[in-house]
Each structure stands twice: as structure tokens, then as C-alpha cells.
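Coordinate analysis (summary)
Next come the chains, spelled out residue by residue.
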There are 2 protein chains.
Amino acid sequence: MLTAETDLVPLKAEIAKNHDRAVARLQDWIRRPSIAAENLGFPDGANHLITLLQEVGFQHAELIDTTGKPGVFATLDAGAPKTLGIYFMYDVKQFDPAEWKVAPPLEARIVDRDGLGKVMIGRGSSNQKGPQAAFLAALDAFRTLNRKLPVNLVLVAEGEEEIGSPNIRQIVYRPHVQAALAQTIGVMMPSGTQGVDGSVTVYLGAKGVIEVELTADGQTWGRGPMRDTHSSYKAMVDSPLWHLVQGLSTLVTADGNTPLIDGLFENVRPLTEGEKVQIAIAARKITERQYQVVTGATKWIDDLPFQAALERLVSQPTVNIEGIHGGYTGPGGKTILPHRASAKLDLRLVPNQTAEEVLGKLKAHLVRRGYGDIEVNFTGGYNPTASSADAAIFKAQIAVLKQRGIDPVLWPRVAGSYPGFAFTEPPLSLPAGHYGLGHGGGAHAPDEYYLIESSNPKISGFDGAAASFAEYLYELAK
Amino acid sequence: MLTAETDLVPLKAEIAKNHDRAVARLQDWIRRPSIAAENLGFPDGANHLITLLQEVGFQHAELIDTTGKPGVFATLDAGAPKTLGIYFMYDVKQFDPAEWKVAPPLEARIVDRDGLGKVMIGRGSSNQKGPQAAFLAALDAFRTLNRKLPVNLVLVAEGEEEIGSPNIRQIVYRPHVQAALAQTIGVMMPSGTQGVDGSVTVYLGAKGVIEVELTADGQTWGRGPMRDTHSSYKAMVDSPLWHLVQGLSTLVTADGNTPLIDGLFENVRPLTEGEKVQIAIAARKITERQYQVVTGATKWIDDLPFQAALERLVSQPTVNIEGIHGGYTGPGGKTILPHRASAKLDLRLVPNQTAEEVLGKLKAHLVRRGYGDIEVNFTGGYNPTASSADAAIFKAQIAVLKQRGIDPVLWPRVAGSYPGFAFTEPPLSLPAGHYGLGHGGGAHAPDEYYLIESSNPKISGFDGAAASFAEYLYELAK
């Protein structure tokens, strides 16, 4: 019988041997962006992923059509007693090449970074192609060594994660896909979970999210100009742009930090004592500096001390403005009264809020405050995700990490969002979470990167990340 | 001795004879845009105006350097007892060609418009090259007929009217320019003052204006991210974009219509009884439909009846958002927390507010409300303009119009702004205003137009506008 002890040494050697090919595969993947918001790279991205999965040993891989962008369903039958679910995304976030200072977003250039080693710069390098490519590299090592995987795999992937996974149900609940997932012990998404200090965080859930675009328009409002007009008429004509600004201003407190949407906190479950303990322990393991680096901020809301800021991060629903636009924004001024303006918002949800509930409350709030004319265009989103630390997919993570001498940070839920709800909610009711050594940064931002060759023994590079997946599969099989 | 009676018939014939050349001159002028906000067409625009002025009989025309864009100073000595001041602008407002539906902004195409006749579409056609070209056509007719003008002319022009005339003092108060202006009976700016019903409005003043750009930035604020970060951190990090929105929201009432800047109304002079009477008379001469057409609005603030809306238009200072921009504004969503956002505002001023006072009050208000970090970049502006209807430049207008059978609307002040303050305030203390038959529309908006050949006997086309200037010069000489 195969065991981790006998297999891991040759597997790690094989991962190292295959390093150049695996890194080239990641670079090639980054050079093929799929961006749902821009309708770019479809169905190419799904087809390319199918090829990648077939290359590393999936016997079955098929495209799953949806009313949006296609998903992918694949299985790798190793004849093992247990089956692990895997969730991939093949799409990436939009980018503006002009903002990338270190290297262009689609070149996948490898550069030196002080204190880290060699990193690959590229859109999707960290979120999520890099960690996913490391996972594929682990599978590839099994294949090239002609070793069977310790667990079977059922993989689902989508191409609309970055627009809020509007159609993930059409993939996950396709009868044969759902039936296959129902046989799994849980669903894991490959991720680079190490901080710049090497620490690892195990996320037991994620916030939900809704994304909406709010538009105020003279035509819809029936007030203000129907087209941009001269600004002198402001003295007798209403302004849709002011209407939007004043409508927005009612959504949060004056400091911009606490939602004021009517009833929004009704179903917000406060942190449990257990979650508070997890955060308190976490606050001693991670550093404030680490959070300052990733957030780009030096102070927290209300000048909170670090632990209190972390509690806020985990527990609070948010209303964020992603972007706002209206009227003249070119050089100098232009004395117009604009007829239209819009703002893109994301609202993060915590248990036990639901996406449907929050969207309804946002709309009702605007109506009640006299902003019912403001169009609320829901562009995507879903419920929060929550799993228990007792689930096998988490216990195996913690065991592997402890064998590596890493005492992981248990974290109640990531403040970001991923559509784990599709797995954790009925009918599947599976545990779901992220896993993987390795490190990346700059998700959704310019100069996104993923660590390829680490100069810091505490942080895994690409091969170390791949090895961590191999170890995990063995641990799960125990 | 020359008189209007003997001269006007041949002058009008000469204007008609020169029509094609004068219209071609206007088209050529529109095709040479000068846009200060975009640093486009300088000093070419000033030099071209000098050529135009020399062509129509100005003996002296010179470029006046400023620390911004150059001005023009020109004189036409007709040996007459009286001298009229003329104010020109040679710059035009910015434009976005994509928004122009009828014809491109720089083609100066002449098209048919129902109910009006042939109009020229082009940026600056109405504001202000069209009326100015009609004035030049009048002067040209005197020249080609070898007739002396009934009055001498002193002309000043600037190329920064559309950015708030930041350097007009450097032109008007240049010693030899100021000395020449001091000899005039007042200053007139050629304008197409007729409405679509043929009515004429005589504006006795103008609102002042300041234009500012407000920018909230994590760096300046010392809070929030220093670069765009992932929106999930909103739960622990402040948002410069929310800070801007909430700061803006304190500047006006919830309906967006009444300024709430601390102390802003301290020096606002309410309408005098005389001004209210002027407006009441005006409200009977002009139509609500006319204002609906030019504003593109169907309702007025607070659903005010027309006369009350007009009182508001004349009497109220305003805070308008010309444009706002921050974060991600492309297709779909992008879950970022932006580090920076800005809004362009214009504030219109009424007597006895001053530009300096209002700018200071805006800044103090933001500081007092906790938004002192928001950068206030003053990009231009000036005080209100006010003249008495008893001044010769207005009495002559009214006389000419009445001879034409037009009973003009006397209007206390235009709700828009022009830098008449440079003439009406000390040291010059001259009356200043606009004049001219003819009609245009779409100032600062797409598809700006000026009427060239009128199909409506009540509205003057280009030649009629030119003739109205000739009549005016004769009337002034009386």
C-alpha cells in the first residue's frame, strides 16, 4: 500500500524535476486571460482548462454550458476509497495595463523581490492560477511517476468568479455534477495561504457579497435634465448627480464605515465566543505590519487596536463603493449639470445574512428615503460560506501544517468572498475551504504576484506549494 | 453727416452681399479651436483673431501676454466722439466628438432644423464665435462700403473664458489697455440673445462663479489605503471615496438644491422689488416651454411654478457637481477599495458674494466638518457682474429693439457667468453687458448651433444679427 512516507520523497523530487515545465504552464495560462466582465477569452479559457486537467491525469473533463460563461467538470478516479471535491476558477479580474509598474499584466515575467525571492508578476498569478497551477503540478508528479493518487478527485470550475458567480448553481447542480460532488468529503480550492512571515491561515468560511450598480438618471427620475445641460440652470433644475451622492450618503454613517441600510443588521450573527478566541489567538500569531502591507493602510477604522480591527474585519457587513462616475471628468472644468451618474458598490455579507435579503433591503431603503428612482442593477453575488473546523478537509490541513512545524491561524471567515455557498448550503451541505502553502499578493490590484522561488525558508515557493498539496492528499486518505 | 437712416439700407445690402464670405470666415474659425483646459490652439487662436480684426478694419491689434493664455487688444479709431468697449473670447469649451449626433464638432456643417432654418453645428458656434463673427461681418460691411463707423471701438479678448478667466486682469488692467477702456461708454459682448420665439433678453449682469476640484486621497488623509486595495478590507479600513461622498453631501440639502456651506448666504442680497418686477414681467413674455427646451428638464426644483423658478434662477447661489470620478468605472464590477476620488464643482455667486469669500467659506466648511484633508483645487472664477439699465449701452439696445418692434425682456442677471466684473468693478467701473439679435443653443453641450438662415421671421439669422450690430452702433452714436 502506498503511503506518504514512502512516496513523498520521490514526489518532491519529481515536482522539482518538472519545475520548469510547470512554471511555463502557469505563464502560458496567465497569457490566456478570461475576463467575464469584458467577455474576453470565452469559451477558450474553459477549453484550455480542460486540456490542462487532461494533461495531469483527469480521465474525464467536460465543458458545462450555462446561460453565462461555461464551467468545467472533471473527475480523476484513482480507485481510492475517498473522494475530494476541488473548486477552480479559470477567470481573472480586469486590469488596466497602465497601472502595472513592475511588469505588464499578461507577460507573466519572473522578477526578483527583496525578502521573498523570485515572483511571477501577472493578472491571475495569485488569484487563482498560481495556486491552481501548483496543485496541477502535484497531480502531474503523481502521473509522471506513475503513482496513483491517494484520493479520487471531482473538480468543478467556473469562469465567472470575478463577476460574482451568477451562474455557479447551473454548474454545481447539474445532476451528474451534483451527484459526483455528493460523494466527496468536502470541497477545496487551491490557494496560497502563507503570509509574508510564513504563517498560514485556515479560513473556515467566507463572507457573502452582492455587487450592484446604482444609476441616477434624469429620465428615470422624471426630474433634472434629460441630457447634460449648462450648469447655470442648477438654480432651477434638480441634479441627478447630487441625487446619487445624497442617496449614497444615506447608506453609511458619516465616517463611511457602518452600514445604515434599514434593517441590514437584523440577521447579522455576532461573533461567537469561539470565534472571538480564534481571532484573539490569531492576533498574536500574525502581525499588524502584515495587514498594513496587504491593505496599504496605516490606520484602522476608528483607530482601533489591531485585534479589535480584526474582529471588525471578520464580523461586520460592509457597503463599499468600488467606483463612481458622472459628468465631466477630463482636464480642467466644464460647467455642465450632468443628467446621469452611477456608482458600483459591493456589499459583504456575514452569517446569517443572505444575498437576496440584502439586495431587497438596499432597494427598500432607497425607496423609503426618496431614492426609489435610482436604478439598482444587481450584477452578481451570493450568500456567506461557513464550515466547521471539525470537517476532515480542515483537520487534514491542520495535521499537514503541524507536521511541517506550522501552527496555523484558524480564522472564522475570510473577509473576501468566494462562492463556497454552492457547496456548503443544501442540497450538498459539504464543508468547503481553501488550502495550500505558498504566497501571493495583489489580487485585483496592479502587479499581482505569486512566489515561484522562495528566498525565505519559512515561505514555500511554487514547488513547496505543489508538495503541500501532495501531502494533503495523503493526509486526507488516512 | 452720416445717419442710420441713410446708411442702414446699403449696409444691410452689403452684409447680404458679403454673406458667403462671412459665413465661411465663421466656419474657418470654428475649425481652429482654442481650448485652454486642453492647452490646444495657443497662441494660434489669438493670432488668428488678430488677423480677423485687422481684416475688418481695426488699425491696431496686438497680442497681450499673460501668465496663462494670451489675450488680444485692438482699437478701431473712426474719429467718432464716442468709443464702445467690446469683449471677445476666442476660446471654446471642450467637447467629446462621440457625443455629437447631428454633425462633428469641428466641421461647422450647416444643416436644416425644423422651425428655425439653416443652422451651423459646431463647438463655439453659439458660444461665442457665431455672434462675434456676425459683429465682425457688420464691421466688414462698413469697411467694404468705405463708411466710417459711428463710434470708435476698443476691443479686448481672452482665451481662457471657459476655464474661469484666471488671467483676465492681466489683459484688462495692462496700463495702455485699461487707459483705452477707461475712454469707453461701456463694454459689450456680442451674443445671440433671441429665444426660439424671437424674444430678446437684456441681461443687466451675471452671476459670478468659482470652479474647484475636490480630491480625497488616502495619502493626504492619512487614513484608508494609499493605493487601491481589495474591497474586503473595507471592514477595517476607511474609504477615501466614501469620505468624498460624505463630505460632498454636507455641502447641500438632501434634495441637492440649497447650499449648506457655512455662512454662504451671509452676503447674498435678496432680489430687490425692482428685480422681482423685472422677473414678473419677463415671466409673461417668455414661455416655460422655452426654458424646458434649453434646460432639458420638464420640472423645476420643488415643482415651483415658472415665475418662482425664474426668481430662484436669478437670485440663488448654487453648488453644482460638474463631474465625479473614483475607483473602477469600466464594465462589470471590480471589488476594490479605491484610494482616491475627486469631484469637479462649480459654485455660482450672486451679489454681494465674492469669489474669494466663497472659496474661503467652502474650505472652512470642509475643515469644520472633518473634511479638511480634502484638497480643494481652485481652477478659476470671479465675482458677479452688475450694471444699471440706465447705462447708455443698455438704453441703446432697448431703443434698437423697440424700433424693430421687439419689446425686450429686462433680466437682472444671467444665471451663467462671464468675467464682466473686470469692467464693472473698480478701477474701470464701466457698465457691461451682452447684445445682439440672432439665436444659438447648446453652449457647452453636444451639437451646439448658431442660426445662419432663419425660416422664422421673428428670429434673425446671421445677416440679421450683423445688421442689429450696425443699428446698435448708430444708436450709440446719437
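Here the structure is a predicted model, which is why all the values come from computation and not from measurement. (Residues numbered from 1 in each chain as written. Chains lettered and ligands numbered in written order. Predicted model: local features only at pLDDT ≥ 70, side-chain atom pairs only at ≥ 80, totals over all residues. Heavy atoms only, no water.)

A short note on the interface of chain B and chain A
Keep this limit in mind: Here a residue-residue contact requires only that any non-hydrogen atoms of the pair lie within 4.5 Å. A quick way to say it: buried area is the sum, across both parts, of accessible area lost when two parts are put together, with a 1.4 Å probe. By salt bridge we mean one thing: a side-chain nitrogen of Lys or Arg within 4 Å of a carboxyl oxygen of Asp or Glu. Residues adjacent in sequence count toward polar contacts only when both atoms are side-chain atoms; beyond that, a polar contact is any pair of N or O atoms within 3.5 Å, and within protein one must be able to donate a hydrogen and the other to accept it. For helices the rule is a DSSP run of H or I covering at least 4 residues; for strands it is a run of E covering at least 2, with both sets numbered from the N terminus onward. Two strands qualify as a pair provided that DSSP identifies no fewer than 2 bridges between them.
Each side of the interface is counted separately: chain B has 84 residues, and chain A has 84 residues. For the pair chain B and chain A, the summed buried surface comes to about 7,300 Å²; carbon and sulfur atoms form 54% of the total. It is Met-236, Trp-242 and Lys-334 of chain B in chain B that bury the most area against chain A; as a group they hold 11% of the surface buried on that side. Summed over the shared surface of chain B and chain A, the number is 2 salt bridges. As a salt-bridge pair, Arg-223 of chain B and Asp-303 of chain A come within 3.1 Å of each other at their nearest N and O atoms. Linking chain B with chain A are 52 residue pairs in polar contact (both at pLDDT 80 or more), by the criterion used here. Of all the secondary structure elements, the ones that give two or more residues to the side of chain B that touches chain A are strand 11 (229-230), helix 8 (240-249), helix 10 (288-295), helix 11 (306-315), strand 12 (318-327), strand 13 (336-337) and strand 14 (340-349) of chain B. For the side of chain B that touches chain A, the element with the most residues is strand 12 of chain B, which contributes 10 residues. Sheet analysis places strand 12 (residues 318-327) of chain A next to strand 12 of chain B, joined by 5 bridges and oriented antiparallel.

A look at the pattern of salt bridges
Applicable threshold: Only protein chains enter the accessibility calculation, which uses a 1.4 Å probe; a residue whose area is less than 20% of its type maximum is buried, one above 50% is exposed, and one in between is partly exposed.
Scanning the model with the defined rule gives 51 salt bridges over all chains in all. Here Asp-112 of chain B and Lys-118 of chain B are joined by a salt bridge, their closest N and O atoms 3.2 Å apart. For Asp-112 of chain B, a relative accessible area of 61% gives the class exposed. For Asp-262 of chain B, the salt bridge identified is with Arg-368 of chain B, shortest N-O distance 2.5 Å. Here Asp-262 of chain B, found in the loop between helix 8 and helix 9 (273-285), pairs with Arg-368 of chain B, found in helix 12 (residues 355-368); they are 106 residues apart in sequence, far enough to count as distant. Owing to a relative accessible area of 21%, Asp-262 of chain B belongs among the partly exposed residues under this scheme. Residue Arg-368 of chain B is classed as exposed on the basis of its relative accessible area of 54%. Among the ionic contacts, a cluster of salt bridges with common partners joins Arg-21, Arg-25, Glu-55, Asp-140 and Arg-143 of chain A.

Worth remembering: the numbers are spatial, not functional.
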